[in-house]
Amino acid sequence: MESDKPAVYAVNKNAFGQDAEARLVDLLREGNTFIPDLSIVAELDGEIVGHILFTRIKIVSEAGEEKHSLALAPMAVLPEFQRQGIGSKLVEYGLAKAKELGFPSVIVLGHEAYYPKFGFQPASKWGIKPPFDVSDSVFMAIELKVGGLEAVSGTVEYPQEFSSV
Ligand SMILES: CC(C)(COP(=O)(O)OP(=O)(O)OC[C@H]1O[C@@H](n2cnc3c(N)ncnc32)[C@H](O)[C@@H]1OP(=O)(O)O)[C@@H](O)C(=O)NCCC(=O)NCCS
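Bear in mind the structure is a predicted one, so any value in this text is a computation, not a measurement.

## Considering the pattern of salt bridges
As enumerated under the stated definition, the model contains 6 salt bridges in all. Of the charged contacts in the structure, one is a salt bridge between R23 and D19, with a shortest N-O distance of 3.4 Å. D19 gets classed as partly exposed once you look at its relative accessible area, which sits at 30%. E65 is the partner of K67 in a salt bridge, and the nearest nitrogen-oxygen pair spans 3.7 Å. Note on K67: relative accessible area 28%, which makes it partly exposed. When its relative accessible area of 47% is taken as the criterion, E65 is described as partly exposed.

## Some details on the pairing of strand β8 (residues 154-157)
Examined bridge by bridge, strand β2 (residues 47-60) and β8 share 3 bridges and lie antiparallel to one another. Looking at β8, one finds that V60 is bridged to T155. Inspection of the sheet shows strand β6 (residues 128-129) paired to β8 by 2 bridges, in the parallel sense. Paired with K129 across the two strands is T155, which belongs to β8.

## Observations regarding unusual backbone geometry
For the bond running from A73 to P74, omega is -10°, close enough to zero to count as cis. Tracing the sequence through the fold places P74 in strand β3 (residues 66-77). The phi torsion at D45 lies on the positive side, around 50°, for a residue other than glycine. As for its position among the elements, D45 is in the loop between β1 (34-44) and β2. The class of D45 is exposed, set by a relative accessible area of 84%. Its identity is not glycine, yet R83 carries a phi of approximately 65°, on the positive side. Mapping R83 onto the fold places it in the loop between β3 and α3 (86-100). Given a relative accessible area of 88%, R83 falls into the exposed group.

## Section: the environment of V8
Summarising the element assignment, V8 is placed in helix α1 (residues 5-16). For V8, a relative accessible area of 2% corresponds to the buried category. When near neighbours in sequence (up to four residues on either side) are disregarded, V8 contacts V25, R29, V41 and H51.

Rules behind the numbers
- Residues numbered from 1 in each chain as written.
- Predicted model: local features only at pLDDT ≥ 70, side-chain atom pairs only at ≥ 80, totals over all residues.
- Heavy atoms only, no water.
- Salt bridge = Lys/Arg side-chain N within 4 Å of Asp/Glu carboxyl O.
- Buried < 20%, exposed > 50% of the residue type's maximum accessible area, 1.4 Å probe, protein only.
- Pairing = 2+ DSSP bridges.
- Helix = DSSP H or I, 4+ residues; strand = E, 2+ residues; numbered from the N terminus.
- Contact = heavy atoms within 4.5 Å.

Right under this line is the structure:
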């Protein structure tokens, strides 16, 4: 919700210890890759303590064919509330919501020990590449429906906001 904007900014700023991700969320809100239903907050006693965002991305094949997907980024839980399962609940709820909305897949650049437990696997399994140089194990994807990444290969194109913060 628009009224959650300041609290979501604070959660991202505090979790990351800098404001780049918080500013990124605000920029993404204004762009055409933003999906209000996929900007999700975790509340505890009426206070926003966590946030996860999924935005629209494209996977572009070498032949120039475009498939749509989602990027999970960023996600944040206030430091004092971390390691209590709130982040996991946000990922699980977000993936379920994305599936309900009909999205075929989600891509994440993140910690290799965290995301596999939700079903993410190295995106290289499907021939999906990041637009920058990162290790194979941290660039992951998940199918939200059977065959969601079948015949989808290529390079991920992030919303331009990602390169402006
Ligand atoms: C990543 C984050 C959202 C997880 O939220 P959370 O509520 O602590 O997550 P959960 O309680 O569901 O899971 C915690 C587990 O994830 C692991 N974990 C959390 N952050 C991790 C990280 N950055 N790298 C590796 N593992 C991490 C912890 O080891 C923990 O496992 P353990 O308790 O068995 O040791 C939170 O730690 C955070 O806000 N971090 C700072 C911002 C960030 O790095 N965001 C992710 C990149 S977009």
